[in-house]
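Letter by letter, the chains look like this.
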Amino acid sequence: MKKYALLLISLILSLAMVGCGPSASPKAEEAGHGHEGEENLLELTSQQRAQIGLSVEKAGPGTIVKELLLPGEVRLNEERSALVALKASGRIVRIEASLGDSVGAGETLALLESDQLADAQAEYLERLRSRDLSKKTFQRKETLKSEHVAGEAEWMEAEAAYKNGENLLEASRRRLLLLGLSSAEIAALSQQPPSKMGLYLLKAPIAGRVVGREITLGDNLEAGTTVFTLADTSLLWVDLSLTPDLQGFVKEGDEAWIEGEDGTREKCRISLISPTLDPSTRTLTLRLELKNPKGFWKPGSYVSGSLRSGERAVPLLVPRSSVQILEGNPVVFVPEGHGFHAHPVVLGERDGEHVEILSGIASGTSVVVRGAFELKAAAVTSSLGSHAGHNH
């Protein structure tokens, strides 16, 4: 973008120095600035044309696609988003992720001190020791039973105590899993120093960006409190609103265009047509999948969507990029001699790619289809310079 801006500035400055068309002689100026056609001619060198990638095509007949224009909003993809809530109550002692950060799955987001977790860990260790003891007792009784030293009743009592210890230990282990510890962390508890008991690492369940953060250092929070929202913003949803009478024009898989408030357009596809009406708006939701690898589109942004609903043959059209607004009027730039002249045109219908021309140029006329914006910028600059140099 920066390189493009520098090229445009360079083009405008060079045209401003060269002027528009050949220099007028003093006699021509005295005659009231004659040769108006020549003065309005924008001349570009071959190097300047290459810099802006200027290209020309002939205007001619074509097809205008009729479109449905629908309001919509960019949203997070709920299938690639996650609310991160506390599984244990505690106090926030460290925060390691900020709004906008990219995080990997399993990466630590925050650290809590949790009495609830410490109690559950202590219970697990106590039951682990109790289970180990009952296991040893059972194994000893089993040996004595085989040697006919211990009776059947003693052996059965030891076996029951051992199985009960296993069940209680498993219950404690499952409680720790529900509180957010992994199996590996639980297995390592017996080797963990007492100073680390009750420390709860809040980890990211998915890879993505932090799009919401609801905690402050020192907060005392209850289990179940949502503290982060993570989302993969490389693939978003766009929800468009469609009135029921128009549902016959669309189907899942159809192409659609969305346009942002700044005019940026992007092609998408309909991934879902809601099976029910929104009870408040009485409209159907059309869901589009929007690829967003560079993060340009922001969830919450309002957009307009356009969908093909038919087509109409027209005798004359040009690409939308050809049409520019100069002094409040639509124009196209036509090659003439060694330069380009802005021809006013009257526009008809348009679609996502083309504009119908009702008058102003004839079929077969060559028009600039790429580089027209740069020519407009140069024309505006040259016009300003011309007015500045002819004050009366």
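Our structure is the block above this text.
Residues numbered from 1 in each chain as written. Predicted model: local features only at pLDDT ≥ 70, side-chain atom pairs only at ≥ 80, totals over all residues. Heavy atoms only, no water.

**Focus: the packing of aromatic side chains**
To keep things clear, this is the line we draw: Ring pairs shown here join Phe, Tyr and Trp side chains whose ring centres sit within 6.5 Å, with only the six-membered ring taken for Trp; geometry is labelled stacked below 30 degrees between planes, edge-to-face above 60, and tilted in between. Secondary structure elements are taken from DSSP: a helix is a run of H or I of four residues or more, a strand is a run of E of two residues or more, and numbering for both begins at the N terminus. Using a 1.4 Å probe on the protein chains alone, a residue whose accessible area is under 20% of its type maximum counts as buried, one over 50% counts as exposed, and one in between counts as partly exposed.
In total, this model carries two aromatic pairs according to the counting rule given. Each ring, one from Phe-138 and one from Tyr-162, has its centre 5.6 Å from the other, and the planes form 10 degrees; the classification is stacked. Of the two residues, Phe-138 is situated in helix α5 (residues 115-146) and Tyr-162 in helix α6 (residues 152-178); the sequence distance between them amounts to 24 residues. Neither residue differs from the other here; Phe-138 and Tyr-162 are each classed as buried. Ring centres of Phe-296 and Trp-297 lie 5.3 Å apart, and the angle between their planes is 90 degrees; this geometry places the pair in the edge-to-face category.

**Remarks on the environment of Phe-138**
The test is simple: Any two residues whose heavy atoms approach within 4.5 Å at even a single point are treated as in contact.
For Phe-138, a relative accessible area of 10% translates into the label buried. Counting along the chain gives 25 residues from Phe-138 to Lys-163, while the straight-line C-alpha distance between them is 9.6 Å. Those residues within four positions of Phe-138 in sequence are excluded, and the remaining contacts are Trp-155, Ala-158, Glu-159 and Tyr-162.

**Remarks on the packing of α5 against α6**
To keep it simple, the criterion reads: Angular values range over 0 to 180 degrees, each being the angle between N-to-C directions of two axes fitted as lines to C-alpha atoms, with helices fitted over their stretch in contact. Convention used here: angles under 35 degrees read as roughly parallel, angles over 145 as roughly antiparallel, angles from 65 to 115 as roughly perpendicular, and any remaining angle as oblique. A clockwise turn of the near helix away from the far one marks a right-handed crossing, whereas an anticlockwise turn of less than a right angle marks a left-handed crossing. Three classes are used: nonpolar for Ala, Val, Leu, Ile, Met, Phe, Trp, Tyr, Cys and Pro, charged for Asp, Glu, Lys and Arg, and polar for all others, with Gly counted as polar.
Running from amino to carboxyl end, α5 crosses α6 at an angle of 155 degrees, the nearest separation of the two axes being 8 Å. Judged by the angle between their axes, α5 and α6 are roughly antiparallel. Judged by the sense of rotation from one axis to the other, the crossing of α5 with α6 is left-handed. For the contact of α5 with α6, a count of residues per class yields 13 nonpolar, six polar and 13 charged.

**Concerning the nonpolar core**
What counts here: We call a set of buried residues a nonpolar core when its members are Ala, Val, Leu, Ile, Met, Phe, Trp, Tyr or Cys and they connect through side-chain atoms within 4.5 Å of each other.
Ranked by size, the top nonpolar core spans 29 residues in total, and within it Leu-109, Tyr-124, Leu-176, Leu-202 and Phe-228 carry the most contacts. Contributing elements (two or more residues each) for this core: β7 (108-113), α5, α6, β8 (199-203) and β11 (226-231). Ranked by residue count, the leading element in this core is α5, at five residues. Contacts of Tyr-124, omitting those with residues within four sequence positions, involve Leu-169, Ser-172, Arg-173, Leu-176, Ile-186 and Leu-189. Counting residues in hydrophobic clusters, the runner-up holds 20 residues, among them Leu-240, Leu-242, Leu-246 and Trp-297.

**Remarks on α5**
Under the convention used in this document: To estimate how far a helix should extend, the number of its residues minus one is multiplied by 1.5 Å. Throughout this description, a polar contact denotes any pair of N or O atoms lying within 3.5 Å of each other; where both atoms belong to protein, one of them has to be capable of donating a hydrogen while the other can accept it, and for residues adjacent in sequence the pair is counted only when both atoms sit in side chains.
Along its 32 residues, α5 runs 46 Å from first to last C-alpha, staying within 8% of the 46 Å computed at 1.5 Å per residue. Those residues of α5 that sit buried are Leu-117, Ala-120, Gln-121, Tyr-124, Leu-125, Leu-128, Arg-131, Ser-134, Phe-138 and Lys-141. Taken together, the buried residues of α5 touch α6, α7 (183-187) and β8. Among the residues of α5, the N-terminal cap falls to Ser-114, whose side-chain oxygen and the backbone nitrogen of Gln-116 are separated by 3.4 Å. A positive backbone phi angle near 65 degrees is found at His-148, which sits one or two residues after α5.

**Considering the sheet that holds β7**
Convention followed: A pair of strands is labelled paired if DSSP reports no fewer than 2 bridges between them.
Spatially, the four strands line up as an open sheet ordered β8-β7-β5-β10, and their pairing is antiparallel. A strand with exactly one partner marks an edge of an open sheet, and here the two such strands are β8 and β10 (220-221). Taken together, the five bridges between β7 and β8 define a ladder with antiparallel strand orientation. Considered in β8, the bridge of Thr-108 is made with Lys-203.

**So, the pairing of strand β18 (residues 329-336)**
Direction of pairing for strand β17 (residues 324-326) relative to β18: antiparallel, over a ladder of three bridges. Paired with Gln-324 across the bridge in β18 is Val-331. Where β17 folds back onto β18 in an antiparallel hairpin, the turn is made up of two residues, including Glu-327, whose phi is positive at roughly 55 degrees. As judged from the six bridges shared by β18 and strand β19 (residues 339-344), these two strands associate in the antiparallel manner. Bridging from a neighbouring strand, Phe-333 pairs with Ala-342 of β19. Connecting β18 to the antiparallel partner β19 that follows it, the hairpin turn spans two residues, and Gly-337 within it adopts a positive phi of roughly 65 degrees.

**A closer look at the side chain of Ser-172**
In this fold, Ser-172 is placed in helix α6. With a relative accessible area of 0%, Ser-172 lands in the buried category. At 3.1 Å, the side chain of Ser-172 and the side chain of Glu-123 are in polar contact. In this view, Ser-172 contacts Glu-123, Tyr-124 and Arg-127; residues no more than four positions away in its chain are not counted.

**Here we look at the pattern of salt bridges**
Where charged atoms from two side chains of opposite charge come close, those side chains can pair. This is how it is decided: When a carboxyl oxygen of Asp or Glu lies within 4 Å of a side-chain nitrogen of Lys or Arg, that pair is called a salt bridge.
Under the defined criterion, the tally for this structure stands at 21 salt bridges. Glu-255 is the partner of Lys-267 in a salt bridge, and the nearest nitrogen-oxygen pair spans 3.8 Å. In this pair, Lys-267 sits in strand β14 (residues 265-273) while Glu-255 sits in strand β13 (residues 255-259), placing the two residues twelve residues apart along the sequence. Under the relative-accessibility criterion, Glu-255 is labelled partly exposed at 38%. One network of salt bridges, in which partners are shared, links Arg-75, Glu-78, Asp-239 and Arg-287.

**Section: α6**
Along an α-helix, a turn takes 3.6 residues, which lines up residues three or four apart on a common side. Between its terminal C-alpha atoms α6 stretches 39 Å, which fits the 39 Å expected from 27 residues at 1.5 Å a residue. All buried positions along α6 are accounted for by Trp-155, Ala-158, Tyr-162, Gly-165, Leu-169, Ser-172 and Leu-176. For α6, the secondary structure elements touched by its buried residues are α5 and α7. At the C-terminal side of α6, Gly-180 shows a positive phi close to 110 degrees.

Limitation: the analysis is restricted to geometry and does not speak to function.
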